[in-house]
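Single-letter residue listing:
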Amino acid sequence: MDPVRLDVHDGVLVITLDRPKANAIDAATSHALFAAFDRLRTDGTLCAAVVTGAGERFFSAGWDLKAAAEGEAIEADHGPGGFAGLTELFDLDKPVIAAVNGLALGGGFELALAADLIVADAHAEFALPEVKVGMIADSGGVLRLPRRLPRAVATELLLTGQRLGAAEAARWGLVNQVAERPHTALERAIDLAQTIGEGAPLAVAAVKEVLRATEQLAVEDAYALLRGTHLPRYRSMLTSADAQEGPRAFAEKRAPRWTGA
């Protein structure tokens, strides 16, 4: 079976990790996931992606420990996007939403953290249990989690491997939406992606570019970067036909017709 299934819903690429029983990720699966995210990057008909897991119990259990036990190296080649195809893919200008349909453990949690937004089913749980198997969450968990949660909370999760429920994750702002109706995180995530797709493509890309470039800067320094010439997607957006189309459509009380140029 192909470990990654792809479907398209009105411009949204749905990427389903499908490796029974726990949707664990080995090196080959990381390459397959990268191919999916690369398709999102290069296909002009796609506005966003949703990544989810098959079944109802696991989003992903993370690194495939069975593959590791059979000889796959800790530092195996996971492809240009790093583990899970996304954790080190830093130039993707289209949004990715993780629809967490169950347990997101270890590298599965790191995959969700690498997404721009997270929608979770109410029964979903998140954990980074790497210390319990002699490692740390070095596919982004130890780097991203302290930037998404209060440092003390993130440190406790990293040191203990304890699970964080969807409702608590939402209270901390880690999860954007919790789907209270059972098993509807994917549906909610697709709706959210399509709402994002209503915006101008260059503007969406510019938001991601500016966030990436400025999130560690003081506001004054961020303004200096913004007003300079080092943010090409932002500069292109300012002079684009879409930047003229938006106000024109508003004045004419009609839906804008974006061209992405």
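Residues numbered from 1 in each chain as written. Predicted model: local features only at pLDDT ≥ 70, side-chain atom pairs only at ≥ 80, totals over all residues. Heavy atoms only, no water.

Notes on the overall build of the chain
Rules: Under the DSSP-based scheme used, a helix requires at least four consecutive residues in state H or I and a strand at least two consecutive residues in state E, with every element numbered from the N terminus. The criterion used for residue contact is that any of the two residues' heavy atoms lie within 4.5 Å. Residue exposure ignores everything except the shown protein chains as possible cover, and the areas themselves are Shrake-Rupley values with a 1.4 Å probe. Charge counting follows a simple rule: Lys and Arg are positive, Asp and Glu are negative, and His as well as the terminal groups are ignored. Taken as the charge centre is NZ of Lys, CZ of Arg, CG of Asp or CD of Glu, depending on the residue.
The number of helices and strands found in the chain is eleven helices and ten strands. Seen through its principal axes, the chain has C-alpha atoms that stretch 60 × 40 × 35 Å. Considering only intrachain contacts with a sequence separation of at least 6, the fraction spanning at least 24 residues in the chain is 65%. When the accessible surface of the chain is summed, it comes to about 13100 Å², and 55% of that surface belongs to carbon and sulfur atoms. Positive and negative side-chain charges of the chain, numbering 26 and 35 respectively, have mean locations separated by a distance of 4 Å.

With respect to unusual backbone geometry
Note the following rule: Exposed residues in this analysis have more than 50% of their type's maximum accessible area, buried residues have under 20%, and partly exposed residues fall in between, with area computed by a 1.4 Å probe over protein chains only.
The peptide bond linking Pro-20 to Lys-21 adopts the cis configuration, its omega dihedral lying at 10°. Within the secondary structure, Lys-21 is located in the loop between β2 (12-17) and α1 (27-42). The phi angle at Lys-253 is positive, at roughly 55°, despite the residue not being glycine. Topologically, Lys-253 is positioned in the segment after α11 (241-251). The exposed category is assigned to Lys-253, whose relative accessible area is 78%.

Points about the side chain of Lys-208
Selection rule: What qualifies as a polar contact is a pair of N or O atoms within 3.5 Å, subject to a donor-acceptor requirement within protein and to the restriction that residues adjacent in sequence count only when both atoms come from side chains.
With respect to the helices, strands and loops of the structure, Lys-208 is situated in helix α8 (residues 201-214). Given the relative accessible area of 12%, Lys-208 is considered buried. A polar contact is formed between the side chain of Lys-208 and the backbone oxygen of Lys-94, at a distance of 3.2 Å.

Details of the packing of aromatic side chains
Working definition: an aromatic ring pair is given by the centre-to-centre distance plus the angle between the planes. The following threshold applies: Here the aromatic set is Phe, Tyr and Trp, taking the six-membered ring for Trp, and pairing holds for ring centres within 6.5 Å; pairs whose planes are under 30 degrees apart are stacked, those over 60 apart are edge-to-face, and all others are tilted.
As enumerated under the stated definition, the model contains one aromatic pair in all. Ring centres 5.2 Å apart and planes at 50° place the aromatic pair Phe-109 and Phe-126 in the tilted group. With a gap of 17 residues between them, Phe-109 in helix α3 (residues 107-114) and Phe-126 in strand β8 (residues 125-127) connect regions that are remote in the sequence.

So, the pattern of salt bridges
As a reminder, the rule being used: A pairing counts as a salt bridge when a side-chain nitrogen of Lys or Arg comes within 4 Å of a carboxyl oxygen of Asp or Glu.
Counting across every chain of the model gives 15 salt bridges. Across the pair Arg-41 and Asp-91 runs a salt bridge whose closest N-O atoms are separated by 2.7 Å. Note that Arg-41 is positioned in helix α1 and Asp-91 in the loop between α2 (65-69) and β5 (96-100), a separation of 50 residues in sequence. Where Glu-245 meets Arg-254, a salt bridge forms, and the shortest distance between an N and an O atom there is 2.7 Å.

Notes on the sheet that holds β8
Operational definition: Strand pairing is defined by DSSP finding a minimum of two bridges between the two strands.
Strand order in the open sheet made by the four strands is β4-β6-β8-β9, with mixed pairing throughout. What marks the edges here is a single partner per strand, and that holds for β4 (58-60) and β9 (164-165). Bridging between β4 and strand β6 (residues 103-105) involves two bridges; their strand directions are parallel. Looking at the pairing, Phe-58 lines up with Leu-103 of β6.

Observations concerning a nonpolar patch on the surface
Note the cut-off: Here, patches come from residues exposed beyond 30% relative accessible area and free of salt bridges, joined within 9 Å for like charges and within 5 Å for nonpolar side chains (Val, Leu, Ile, Met, Phe, Trp, Tyr).
A cluster of nonpolar residues, Val-131, Ile-136, Val-142 and Leu-143, forms a patch on the protein surface that exposes about 330 Å² of accessible area. Locating Val-142 in the fold gives a position in helix α4 (residues 141-148). You can call Val-142 partly exposed: its relative accessible area is 33%.

Structural notes on the sheet that holds strand β1 (residues 4-9)
Stated precisely, the cut-off is as follows: Lines fitted to C-alpha atoms define the axes here, with helix axes fitted over just the stretch in contact, and angles between the N-to-C directions of these axes take values from 0 to 180 degrees.
With mixed pairing, six strands are arranged side by side in an open sheet as β1-β2-β3-β5-β7-β10. Pairing within the sheet leaves two strands with one partner each, and these edge strands are β1 and β10 (177-179). The average undirected angle you get between the axes of adjacent strands in this sheet is 20°. Looking at chain direction, β2 and strand β3 (residues 48-53) are connected through six bridges and run parallel. Bridge pairing in β3 links Thr-16 to Thr-52.

Observations regarding the pairing of β5
With five of five residues buried, β5 lies mostly within the body of the structure. Burial along β5 is two-sided: Val-96, Ala-98 and Val-100 facing one way and Ile-97 and Ala-99 facing the other are all buried. Where β3 lies against β5, four bridges are found, and the strand directions are parallel. Paired with Val-50 across the two strands is Ile-97, which belongs to β5. By the bridge criterion, four bridges tie β5 to strand β7 (residues 117-121) in an arrangement that is parallel. Across the sheet, residue Ala-98 finds its bridge partner in β7, namely Ile-118.

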